[in-house]
Amino acid sequence: MSFRNTLNKNFNNHSETRDKHWDPALQTHYFKTTKDKAFDKLEPLFRNMKECQIVGISKDHGEISFNYKAGRKVFVIMTIIMVKPYRTAIDISATTESAIPFDFGYSHKLIPKLYDRIKKELDFIGTKE
């Protein structure tokens, strides 16, 4: 991890996943399921978590947005996209709401925790397409 990545990780209030992220924990995760089945499992999962308050759900756009309230308040947008039959990508964007413009890596650490919860519900394939 370069010095620039360390600064970006700790002195920022936003983190998101993508296919070619420098941190392997923040690379897009792929699951063996369809978009609709992923929605059917993930919506109740996050609705029943006491730390989460669902803000909006759009099956058409493949998005679930919620506030995560465990310690700090974080606004999370989860995007579910079926890239091939029974190969669905899930990307996560997390923004910490605070008075200062950085969260000391809180949003960066939250995303792998959310992926761990998702892996308990869906069959994880990997991080490479």
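Residues numbered from 1 in each chain as written. Predicted model: local features only at pLDDT ≥ 70, side-chain atom pairs only at ≥ 80, totals over all residues. Heavy atoms only, no water.

Enquirer: Any chance you could explain the side chain of His108 here in plain terms?
Expert: By secondary structure assignment, the location of His108 is in helix 3 (residues 106–121). You can call His108 buried: its relative accessible area is 6%. A distance of 2.6 Å separates a polar atom in the side chain of His108 from a polar atom in the side chain of Asp23. (Helix = DSSP H or I, 4+ residues; strand = E, 2+ residues; numbered from the N terminus. Buried < 20%, exposed > 50% of the residue type's maximum accessible area, 1.4 Å probe, protein only. Polar contact = N/O pair within 3.5 Å; in protein donor to acceptor, adjacent residues only side chain to side chain.)

Enquirer: Is there a simple way to think about helix 3 in this case?
Expert: Helical periodicity: at 3.6 residues per turn, an α-helix aligns residues three or four positions apart in one direction. A rise of 1.5 Å per residue sets the reference length of helix 3, with its 16 residues, at 22 Å; its end C-alpha atoms lie 24 Å apart and thus fit the reference within 8%. Those residues of helix 3 not exposed but buried are Ser107, His108, Leu110, Ile111, Leu114, Tyr115 and Ile118. For helix 3, the angular spread of the buried residues around the axis is 155 degrees, confining them to a single face. Opposite the buried face of helix 3, by more than 90 degrees, sit the exposed residues Lys113 and Lys120. (Expected span 1.5 Å × (residues − 1). Arc of directions from axis to C-beta.)

Enquirer: Whenever I open this one, the packing of helix 2 (residues 35–48) against helix 3 confuses me. Can you help?
Expert: One can describe the packing of helix 2 onto helix 3 by two numbers: an axis separation of 10 Å at closest approach and a directional angle of 125 degrees. In terms of their interaxial angle, helix 2 and helix 3 are classed as oblique. The handedness of the crossing between helix 2 and helix 3 is right-handed. Contacts from Lys41, Leu42, Leu45 and Phe46 of helix 2 reach helix 3 at Leu114, Arg117, Ile118 and Glu121. The residue inventory of the contact of helix 2 with helix 3, partitioned by class, reads five nonpolar, no polar and three charged. (Axes fitted to C-alpha atoms, helices over the stretch in contact; angles between N-to-C directions. Parallel < 35°, antiparallel > 145°, perpendicular 65-115°, else oblique. Left-handed = near helix turned anticlockwise from the far one by under 90°. Contact = heavy atoms within 4.5 Å. Nonpolar A, V, L, I, M, F, W, Y, C, P; charged D, E, K, R; others polar.)

Enquirer: When you look at the pairing of strand 3 (residues 52–58) in this model, what are you seeing that I'm missing?
Expert: One face of the sheet, then the other: side chains in a regular strand alternate in exactly this way. Bridging between strand 3 and strand 4 (residues 63–70) involves six bridges; their strand directions are antiparallel. Bridge assignment links Ser58 to a residue of strand 4, and that residue is Glu63. Once strand 3 ends, the chain turns through four residues before running back antiparallel as strand 4, passing Gly62 with a positive phi of about 75 degrees. (Pairing = 2+ DSSP bridges.)

Enquirer: Sorry, what's going on with the pairing of strand 5 (residues 72–84) here?
Expert: Inspection of the sheet shows strand 4 paired to strand 5 by eight bridges, in the antiparallel sense. Its bridge partner lying in strand 5, Ile64 is registered against Met78. Here strand 4 folds back onto strand 5 in antiparallel fashion, the turn holding one residue, of which Gly71 has a positive phi close to 90 degrees. Note that strand 5 and strand 6 (residues 87–97) share eleven bridges and pair antiparallel. Its bridge partner being in strand 6, Lys73 is matched across the sheet by Glu97. Joining the antiparallel neighbours strand 5 and strand 6 is a turn of two residues, in which Tyr86 adopts a positive phi near 55 degrees.

Enquirer: How do you make sense of unusual backbone geometry when you look at a structure like this?
Expert: Excluding glycine, a negative phi dihedral is what most residues carry, and trans is how most peptide bonds are arranged. A positive phi angle, near 55 degrees, is found at Tyr86, a position not held by glycine. The exposure class of Tyr86 is partly exposed, given its relative accessible area of 45%.

Enquirer: Is there a simple way to explain the pattern of salt bridges in this structure?
Expert: Pairs can form between side chains of opposite charge whenever their charged atoms are close. In total, this model carries five salt bridges according to the counting rule given. Here Glu51 makes a salt bridge to Lys50, at a shortest N to O gap of 3.4 Å. Residue classification places Glu51 among the buried positions, given a relative accessible area of 16%. Counted as one network, the salt bridges with shared partners bring together Lys50, Glu51 and Arg117. (Salt bridge = Lys/Arg side-chain N within 4 Å of Asp/Glu carboxyl O.)

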